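# Coordinate analysis (summary)
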Amino acid sequence: MKTLTFGDAFTTSFKLGMRQVLNITGAYLLWVLTIWIPYINVGTTIGLIQIQIDVGKGKTINPADIFNANHRAVMGKMFLLWSFMTTGIIIGLLFFVIPGIVLIYAWFFSSMLILDKKLDPIQAMSKSYEITYGHKWTIFFVLFLIQLLVTIVINVLNAILLVMMDSSYEAWALLRIPYWVLNIVFQLGVTAWIIAAYGYMYSVLSGIKKK
C-alpha cells in the first residue's frame, strides 16, 4: 500500500502539474470568466476542486469539465461543509491559534471527499481527519516548500530587473516584456504544481486503508 512521503509528493505533483499546465490554466480562465454569473459560479468553483482530484489521480482533464451540472448538485453539501469548517476553525483559533491551524490541515480534504466518495459533510470532515492523521506535517512542508521556492525565484527575478534598471535603461526596456512573460508563465506553472500537490496527496491518503 502506497504511503505519503515528502519526496514523492513533492516530485510527483510537479510532474503531474507540468503535464497538464495548459489544461489547468484553461480551467482557471473559464472560472474567471464565469465568477460573476450567479449560481453558475458555484458549480465552476466546485468544478475546480474536481480538477484537483483528477489531476492528482493522473487523469487527463478537460477545462470545460468545470461546467458539469453534477457540481451544482452538491452545492448544498458544500455550503454546509464550508460553514461547519469555518465555525470549527474559528473556535479553534480562539483557543490560542494552534488548534485552529491543526483543524485546517485535519479537514484539508473534506471537499474532495464529498465529490470523490459521495460523503455527507460530517462524514467528509471525519474521514479527512482520519486520513490526515500523522500526515499533517508532510502536507504542510510540501506546500510550504513550493511557496518558498516561488518566493525565492520571484525575488531573484525582481532583483535582476532592478539591477538592469539601475545599470541601463535600454537593457531594462528591451527585457521588460520578456521578463513579464516569463513571470506569468512561471506563475501558471506554480499554480498547476500546487493544484497537483493537493490532488496527489489526496489520492494517496484516500487510498490508504486505516487499521
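As a starting point, this report considers the structure included with it. Fair warning: this is a prediction, and the values are worked out from it, not measured in the lab. Residue positions are counted from 1 within each chain, in the order its sequence is given. Local features in this predicted model are restricted to residues whose pLDDT is 70 or higher, and side-chain atom pairs enter the listing and the counts only when it is 80 or higher, whereas totals over whole chains, interfaces and linings include all residues. As a rule here, side-chain values cover all heavy atoms of the structure and leave hydrogens and water aside.

## Looking at the overall build of the protein chain
Going by this rule: Strands are runs of DSSP state E lasting at least two residues, helices are runs of H or I lasting at least four, and both sets are numbered from the N terminus onward. With a 1.4 Å probe rolled over the protein chains alone, any residue whose accessible area is under 20% of its type maximum counts as buried; one over 50% counts as exposed, and the rest are partly exposed. Any two residues having at least one pair of non-hydrogen atoms within 4.5 Å are treated as being in contact. What sets the accessible areas is the Shrake-Rupley method with a 1.4 Å probe; for residues, cover comes only from the shown protein chains. Charge counting follows a simple rule: Lys and Arg are positive, Asp and Glu are negative, and His as well as the terminal groups are ignored. Here the site of a charge means atom NZ of a Lys, CZ of an Arg, CG of an Asp or CD of a Glu.
For the protein chain, the count of helices and strands is 10 helices and 0 strands. Listing each helix as α and each strand as β along the protein chain from the N terminus yields α-α-α-α-α-α-α-α-α-α. The principal-axis extents of the C-alpha atoms in the protein chain amount to approximately 60 × 40 × 35 Å. Taking all 211 residues of the protein chain together, 42% fall into the buried category. Pairs at least 24 apart in sequence give 74% of the contacts found in the protein chain among residues at least 6 apart. A total of about 11,800 Å² of accessible surface is found on the protein chain, and carbon and sulfur atoms cover 72% of it. Positive and negative charge centroids in the protein chain, built from 15 and 8 side chains respectively, lie 11 Å apart.

## Examining helix H8 (residues 121-132)
This is how the line gets drawn: One less than the residue count of a helix, multiplied by 1.5 Å, gives the span that helix is expected to have. Taking the helix axis as origin, the arc is that swept by the directions to the C-beta atoms.
With 12 residues, H8 should cover 16 Å at 1.5 Å per step; its first-to-last C-alpha distance of 16 Å lies within 8% of that length. Those residues of H8 that fall on the buried side of the exposure criterion are Pro 121, Ala 124, Met 125, Ser 128, Ile 131 and Thr 132. In an axial view of H8, the angular spread of the buried residues amounts to 135°, which keeps them on one side of the axis.

## Overview of the packing of helix H2 (residues 21-34) against helix H3 (residues 40-56)
Where we set the bar: In this analysis an axis means a line fitted to C-alpha atoms, helices contributing only their contacting stretch, and an angle means the value between N-to-C directions, from 0 to 180 degrees. In this scheme, roughly parallel covers angles under 35 degrees and roughly antiparallel covers those over 145, while 65 to 115 is roughly perpendicular and the rest are oblique. For a crossing to be left-handed, the near helix must be turned anticlockwise from the far one by less than a right angle; the clockwise case is right-handed. Here the term charged refers only to Asp, Glu, Lys and Arg, the term nonpolar to Ala, Val, Leu, Ile, Met, Phe, Trp, Tyr, Cys and Pro, and the term polar to all other amino acids, Gly among them.
Interhelical geometry of H2 versus H3 gives an angle of 165° and a closest axis separation of 9 Å. Relative to H3, the element H2 is oriented roughly antiparallel. Read as a crossing pair, H2 and H3 show a hand that is left-handed. Between H2 and H3, the residues in contact are Ile 24, Ala 27, Tyr 28, Trp 31 and Thr 34 and Ile 40, Asn 41, Thr 44, Thr 45, Leu 48, Ile 51 and Val 55, respectively. Class assignment for the residues of the contact of H2 with H3 results in 8 nonpolar, 4 polar and no charged.

## Focus: unusual backbone geometry
Of note in this structure, Tyr 39 is not a glycine but carries a positive phi near 75°. Structurally, Tyr 39 can be placed in the loop between H2 and H3. Overall, the relative accessible area of 46% leaves Tyr 39 in the partly exposed class. Of note in the backbone geometry, Phe 96 takes a positive phi value of approximately 65° without being a glycine. A relative accessible area of 74% places Phe 96 in the exposed class.

## Considering the pattern of salt bridges
A pair can form between side chains of opposite charge whenever their charged atoms are brought close. We apply this condition: Any Lys or Arg side-chain nitrogen located within 4 Å of an Asp or Glu carboxyl oxygen qualifies as a salt bridge.
Enumeration over the complete set of coordinates arrives at 4 salt bridges. The closest approach of N and O atoms between Asp 116 and Lys 57, which form a salt bridge, is 2.8 Å. In this pair, Asp 116 sits in helix H7 (residues 110-117) while Lys 57 sits in the loop between H3 and helix H4 (69-73), placing the two residues 59 residues apart along the sequence. Under the relative-accessibility criterion, Asp 116 is labelled partly exposed at 22%. Its relative accessible area of 37% is what places Lys 57 among the partly exposed residues.

## Considerations on a nonpolar patch on the surface
Heads up, the condition is: Each patch is built from salt-bridge-free residues with over 30% relative accessible area, joining like charges within 9 Å and nonpolar side chains (Val, Leu, Ile, Met, Phe, Trp, Tyr) within 5 Å.
A cluster of nonpolar side chains, Phe 6, Trp 137, Phe 141, Phe 144, Leu 148, Leu 149, Ile 152, Val 156 and Ile 160, forms an exposed patch at the surface whose accessible area comes to about 830 Å². No other element matches helix H9 (residues 136-167), which puts 8 residues into the nonpolar patch. Mapped onto the fold, Leu 148 is located in helix H9. For Leu 148, a relative accessible area of 35% puts it in the partly exposed group.

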